[in-house]
2 protein chains.
Amino acid sequence: MADRLIVIGGDAAGMSAAAAARRGDPELEIVAFERGSRTSYSACGIPYFVGGLFDDADRLISRTPDEFRQAGIDVRTRTEVTAIDLEGRTVAVRDLDRGSEGDEHFDQLVYATGAVAVPPPVPGAEHCEPVRTVDEAQRFRARLEASGACHAVVIGSGYIGLEMAEALVLRGLDVVLVDQAEQVMGGLDAEMAARVQHAAEGVGIRVLLSTALEEVRHHAGGGARSVLTSEGELHADHVVLATGVRPATELAAAAGLRLGESGAVSVDDRQRCPGINGVFAAGDCAESWHRVLRRSVNIQLGTHANKQGRIAGVNVTGGDLAFPGVIGTAVSKICRYEVARTGVCEREAHEAGIDVVCATIEDRTRAGYYPGSGPIWVKLVAEAGSGRLLGGQIVGVEGAAKRIDVLAVAVWTGVAVGDLELFDLSYAPPFSGVYDPLLTVARQTAKAVREAG
Amino acid sequence: MADRLIVIGGDAAGMSAAAAARRGDPELEIVAFERGSRTSYSACGIPYFVGGLFDDADRLISRTPDEFRQAGIDVRTRTEVTAIDLEGRTVAVRDLDRGSEGDEHFDQLVYATGAVAVPPPVPGAEHCEPVRTVDEAQRFRARLEASGACHAVVIGSGYIGLEMAEALVLRGLDVVLVDQAEQVMGGLDAEMAARVQHAAEGVGIRVLLSTALEEVRHHAGGGARSVLTSEGELHADHVVLATGVRPATELAAAAGLRLGESGAVSVDDRQRCPGINGVFAAGDCAESWHRVLRRSVNIQLGTHANKQGRIAGVNVTGGDLAFPGVIGTAVSKICRYEVARTGVCEREAHEAGIDVVCATIEDRTRAGYYPGSGPIWVKLVAEAGSGRLLGGQIVGVEGAAKRIDVLAVAVWTGVAVGDLELFDLSYAPPFSGVYDPLLTVARQTAKAVREAG
């Protein structure tokens, strides 16, 4: 076993790795370097904090540096790793407060640097303050509360952009959501995404699609003033950029770790960097094997980061645990709808050259006579011929979206839609009609598969 | 193909069979006999109608006799089948309104007589009016609304007893729930059932377990007065019997159809009565193959009745569709909790001689900081050694129970808990912590399986 483990990055993947290594080997020295001042926070919760669904930002922190230290993990916050020497088994570190620098020896290394925002390449975007960390979220919320300004523009209509737009509506702002794409939520097929757009518009968000951002204009003294788009200028007291992130791979690339086609750090199913003994990567900076697409992808989600980090930590300490891959499952709550997806959507299947048959149904989340029933739409994507379920998308009112996990297990285990339609799923009037929507859509999809020959 | 199909029983299974046969063969003559005056109603919805969650009893009807007639199905309500002559291919029928009798020829037959209530074998129980049909529910609700009486006793603490007890609380009655068993909801393990009991008590239901009903006493002019139990006499203006049902097999047995060990009509996976050409059975009166217990069982649920009826109807008309069996999935909403199960519970596994390892967790339905988060308990039952998931039980607040379908697919497809813990299930703060409760309990169960060797 190693004597000294260094973890680069103190968020979900890194600290999951550190905690698992601690459990796996009580003797191991574990040092975790984190550039920021906090560890293990829920970035996913930030829109709800901004929207005022809760007030105490500390609730976003799952474990503080001190809690990790009490568990025997030497967490060094405000400390940046500036280089990795794989040959010499050292990392160069800089104390961001004191400015001091030094080298730290490692026997094993977990690279868990996460992702960095990709601001749009237009003038002024670089002056927009990010809202990705707890500190940034607190500052942003304070600015919202202090200013009487009421116009906000959110750039990017993925789930984070939509969640932030909704949060700003909750705070009483006029919100415009701008995206150069033709639809919101690029992970959904267009007709499902249109329902989400409709829900966003239903709470007053103005959605401008096929609209390119050209410039963010700021007041001379700082603070946004407007955004210039291909469709004109929009008043913007606040601008939120939600144009995506990319894996933070600079350090890895400079050190000679291999990057995969997705641009993230290449790993095997033990989270090992191939060919380099004792070096692991996990989380948003690393690739994951996509079990349906049969290729490595880079999906930034806390759920993968936690699992991959834990697996790296187990394997660092002599365990042998494999990360089995991902299937692109995601869920979000957007205004009145819950939205979820798993596997591949129809467009992704086409792009991957997979011949698929799809069906979509509209149903109700409860028996028609049971109070609170509302719409649910489900789309299934099945392999032509075999009928094997390759993906699903769900949009609907409360109670709709967690059904995606049923489809996720079915995709994962290779169930055919013609079998799924007769599975013993639960039924009671508060939860569905006598045929659960998933059974109904499976039946429709199986029929479509048969008819397609 | 057959020239004339007779269906005995006009509820879920029978009318699903008739409708599927109609789709399968537009030329077939289809006659459905129903003793009552209605077809295809939702018995599952009756407690919610009684409780006043909705007022129009017609909403319980999915399709009326006239609607079936318009679809070309000759529905004869208020008509009882009194005998089946398998040799002569006729059924004897009696018109319940006119009293006339006659024989009707069939080429193929679907036996879908459903289930009948089993009143407790104590004096006075036979005078309690049942609340199983729409008409009975309307009369019962009218009695509740007309009388100022405020004491109700429900006998039987299965899900129907609990749902009825809750409905009566919603109407402002004092409710005592009596069961001779040691726990409510016999389909759950005792510790999970205790949480449901706690929820029932939380809305004011007095739960008397290990308490035998000895007599139901009525006023001289009719109407309940009290129930006598092993623990004393209880004032009871209204008595609801929810002591279970048994398959309605008298006709089948008299005709020589084979009954299985469960007491229900034996069928193969095409819903055919073995050895008798062109005779099918489906729904509450028929057996189902339990895929985990590996034996035939009799489970009365609308979801099975609909599927089995449809399969019978498909096969009647030259199709070849198999019912793949059941795994004991069920869900219910009981007071503040949702309750669900699938596969086998620990006690059932022990009774069946299956060596299992279990784990139970308490978790939250949402991220801790997200409003509306509440408790969820999940228990998994895994095969010792292999770790294959054999069953699950869930109790928790809104959003908890439909997760049972995730476990149902995992049980159905033979997933091991050690694999399940790394499945790509969805995560967002409105729906769970970063590890979904199902992943957490799968991990705990996998650990327990390993530790058990």
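Just so you know, these numbers come straight off a predicted model, no measurement behind them.

Student: Can you explain the overall build of chain A? Please cite residues and give values.
Tutor: Counting its secondary structure elements, chain A contains 12 helices and 24 strands. For a compact globule of 453 residues, the expected C-alpha radius of gyration is about 22 Å, and chain A comes in at 23 Å, within 12% of that figure. Summarising its shape, the C-alpha atoms of chain A cover approximately 65 × 55 × 40 Å along the three principal directions. Scored against the burial criterion, the 453 residues of chain A give a buried share of 58%. Nonlocal contacts in chain A, meaning residues at least 24 apart in sequence, comprise 62% of its contacts between residues at least 6 apart. Only carbon and sulfur atoms are counted for the fraction: they give 47% of the accessible area of chain A, which is about 17,100 Å². Across chain A, 44 positive and 61 negative side-chain charges occur, with their mean positions spaced 3 Å apart.

Student: So what's going on with the pairing of strand 14 (residues 232–235) of chain B? Residues and values would help.
Tutor: All names here are of chain B. Summarising the sheet, strand 13 (residues 224–229) and strand 14 pair through 4 bridges and their orientation is antiparallel. Residue pairing for strand 14: Ser226 is matched across the bridge by His235. Hairpin connection from strand 13 to strand 14: 2 residues lie between these consecutive antiparallel strands.

Student: Which residues make up the packing of helix 1 (residues 12–24) of chain A against helix 8 (residues 302–316) of chain A, and what values do they have?
Tutor: All names here are of chain A. Two numbers describe how helix 1 lies on helix 8: the axes approach to 7 Å, and their chain directions differ by 35°. The two elements helix 1 and helix 8 meet at a crossing, and its hand is right-handed. Counted together, Ala12, Ala13, Ser16, Ala17, Ala20, Ala21 and Arg23 of helix 1 and Ala305, Asn306, Gly309, Arg310, Ala312, Gly313 and Val314 of helix 8 form the full contact between these two elements. When its residues are assigned to classes, the contact of helix 1 with helix 8 shows 8 nonpolar, 4 polar and 2 charged.

Student: I'd like to hear about the relation of the copies chain A and chain B, residue by residue, with values.
Tutor: Placing chain A over chain B gives an RMSD of 0.0 Å and needs a rotation angle of 180°, together with 0.0 Å of translation along the axis. Expressed as a symmetry operation, the mapping of one chain copy onto the other fits a two-fold axis. Of every C-alpha in chain A, the one belonging to Val406 of chain A sits nearest the axis of rotation, 2.2 Å from it. A shared interface surface links the copies, since 100% of the contact residues of chain A are contact residues in chain B too.

Student: Which residues make up helix 5 (residues 159–170) of chain A, and what values go with them?
Tutor: With 12 residues, helix 5 of chain A extends 16 Å between its outermost C-alpha atoms, agreeing within 8% with the 16 Å of an ideal straight helix rising 1.5 Å per residue. Within helix 5 of chain A, the full set of buried residues consists of Gly161, Leu162, Glu163, Met164, Ala165, Glu166, Ala167 and Leu168 of chain A.

Student: Describe the packing of helix 10 (residues 404–413) of chain A against helix 10 (residues 404–413) of chain B, listing the residues and the values that go with them.
Tutor: Their axes nearest at 7 Å, the elements helix 10 of chain A and helix 10 of chain B cross at an angle of 20°. Classified by the angle their axes make, helix 10 of chain A and helix 10 of chain B are roughly parallel. Both helix 10 of chain A and helix 10 of chain B take part in a crossing whose hand is right-handed. When helix 10 of chain A is examined against helix 10 of chain B, the residues Asp405, Val406, Val409, Ala410 and Thr413 of chain A are found in contact with a partner set consisting of Asp405, Val406, Val409, Ala410 and Thr413 of chain B. Tallied by class, the residues present in the contact of helix 10 of chain A with helix 10 of chain B amount to 6 nonpolar, 2 polar and 2 charged.

Student: Describe in detail the domain arrangement of chain A, supporting the description with residues and values.
Tutor: Residue and element names in this part refer to chain A. Here chain A is partitioned into domain 1 (4–116 + 245–316), domain 2 (125–241) and domain 3 (330–451). The distance between the C-alpha centroids of domain 1 and domain 2 comes to 29 Å. Taken residue by residue, the interface counts 22 residues in domain 1 and 17 residues in domain 2. If you sort the residues of domain 1 by the area they bury against domain 2, Ile46, Pro47 and Val50 come out on top, with a joint share of 35%. At the junction of domain 1 and domain 2, the tally comes to 2 salt bridges. For Asp135, the salt bridge identified is with Arg38, shortest N-O distance 2.9 Å. On the surface where domain 1 and domain 2 come into contact, there are 9 residue pairs in polar contact (both at pLDDT 80 or more).

Student: Provide a residue-level description of the interface of chain A and chain B, including the pertinent values.
Tutor: With 63 residues of chain A at the interface, the matching set in chain B holds 63 residues. Taken together, both faces of the contact between chain A and chain B bury some 5,600 Å²; the carbon and sulfur share is 64%. On the chain A side of the contact with chain B, Tyr369, Leu422 and Asp424 of chain A bury the most area, a combined 15% of that side's loss. Linking chain A to chain B there are 6 salt bridges. Among the ionic pairs, Glu398 of chain B bridges to Arg366 of chain A, the shortest N-O distance being 3.1 Å. The tally of links from chain A across to chain B stands at 28 residue pairs in polar contact (both at pLDDT 80 or more). Elements supplying a minimum of two residues to the side of chain A that touches chain B: helix 8, strand 20 (330–334), helix 10 and helix 12 (437–451) of chain A. When residues in the side of chain A that touches chain B are grouped by element, the largest group, 8 residues, is from helix 10 of chain A.

Student: Could you give an account of the pattern of salt bridges, naming the residues involved and the relevant values?
Tutor: Enumeration over the complete set of coordinates arrives at 69 salt bridges over all chains. Across the pair Glu104 of chain B and Arg4 of chain B runs a salt bridge whose closest N-O atoms are separated by 3.0 Å. Of this pair, Glu104 of chain B sits in strand 6 (residues 101–105) while Arg4 of chain B sits in strand 1 (residues 4–8); the two residues are 100 residues apart in sequence, bridging distant segments of the chain. In this structure, the salt-bridge partner of Glu383 of chain B is Arg388 of chain B, at a minimum N-O distance of 3.9 Å. Owing to a relative accessible area of 26%, Glu383 of chain B belongs among the partly exposed residues under this scheme. A residue is classified by how much of its surface remains accessible, and Arg388 of chain B, at 33% relative accessible area, is partly exposed. Through salt bridges with shared partners, a single network forms among Arg4, Glu29, Asp74, Arg76 and Glu104 of chain A.

Student: Can you break down the side chain of Asp25 of chain B residue by residue, with the values?
Tutor: Here Asp25 of chain B is to be found in the loop between helix 1 (12–24) and strand 2 (29–33). Here the side chain of Asp25 of chain B touches Glu27 of chain B through a polar contact of 2.9 Å, landing on its backbone nitrogen.

Student: Go over the sheet that holds strand 24 (residues 389–396) of chain B with me, naming the residues and quoting the values.
Tutor: Residue and element names in this part refer to chain B. Here 5 strands make up an open sheet; going across it, the order is 20-21-24-23-22 and the pairing antiparallel. This sheet does not close on itself; its edge strands, each paired only once, are strand 20 (330–334) and strand 22 (356–364). Neighbour-to-neighbour, the strand axes of the sheet open up by a mean angle of 10°, direction not taken into account. Of the pairings in the sheet, the one linking strand 20 to strand 21 (residues 337–343) comprises 5 bridges and is antiparallel in character. Of the residues in strand 21, the one forming a bridge with Ala330 is Arg341.

Student: Outline unusual backbone geometry, listing residues and values.
Tutor: Residue and element names in this part refer to chain A. Positive phi, normally seen in glycine, also occurs at Ser210, with a value near 50°. Mapped onto the elements of the fold, Ser210 is located in the loop between strand 11 (206–208) and strand 12 (213–218). Owing to a relative accessible area of 43%, Ser210 belongs among the partly exposed residues under this scheme.

Student: Quick one: what's the story with the state of the cysteines, residue by residue and with numbers?
Tutor: Tallied over the entire structure, the rule returns 0 disulfides over all chains. Unpaired in this structure, Cys345 of chain A has its nearest cysteine sulfur neighbour in Cys358 of chain A, at a distance of 8.9 Å. No disulfide involves Cys285 of chain B; its nearest neighbouring cysteine sulfur is the one of Cys273 of chain B, lying 8.4 Å away. By relative accessible area, which is 0% here, Cys285 of chain B ends up buried.

The rules behind the values
- Residues numbered from 1 in each chain as written.
- Chains lettered and ligands numbered in written order.
- Predicted model: local features only at pLDDT ≥ 70, side-chain atom pairs only at ≥ 80, totals over all residues.
- Heavy atoms only, no water.
- Helix = DSSP H or I, 4+ residues; strand = E, 2+ residues; numbered from the N terminus.
- Rg over C-alpha atoms; globule rule 2.2 N^0.38 Å.
- Buried < 20%, exposed > 50% of the residue type's maximum accessible area, 1.4 Å probe, protein only.
- Contact = heavy atoms within 4.5 Å.
- Areas by Shrake-Rupley, 256 points an atom, 1.4 Å probe, with all protein chains shown as cover.
- Lys, Arg positive; Asp, Glu negative; His and termini not counted.
- Charge placed at Lys NZ, Arg CZ, Asp CG, Glu CD.
- Pairing = 2+ DSSP bridges.
- Axes fitted to C-alpha atoms, helices over the stretch in contact; angles between N-to-C directions.
- Left-handed = near helix turned anticlockwise from the far one by under 90°.
- Nonpolar A, V, L, I, M, F, W, Y, C, P; charged D, E, K, R; others polar.
- Least-squares fit on C-alpha atoms with pLDDT ≥ 70 in both.
- Expected span 1.5 Å × (residues − 1).
- Parallel < 35°, antiparallel > 145°, perpendicular 65-115°, else oblique.
- Domains from an automatic or database assignment.
- Buried area = accessible area lost by both parts, 1.4 Å probe.
- Salt bridge = Lys/Arg side-chain N within 4 Å of Asp/Glu carboxyl O.
- Polar contact = N/O pair within 3.5 Å; in protein donor to acceptor, adjacent residues only side chain to side chain.
- Disulfide = S-S within 2.5 Å.

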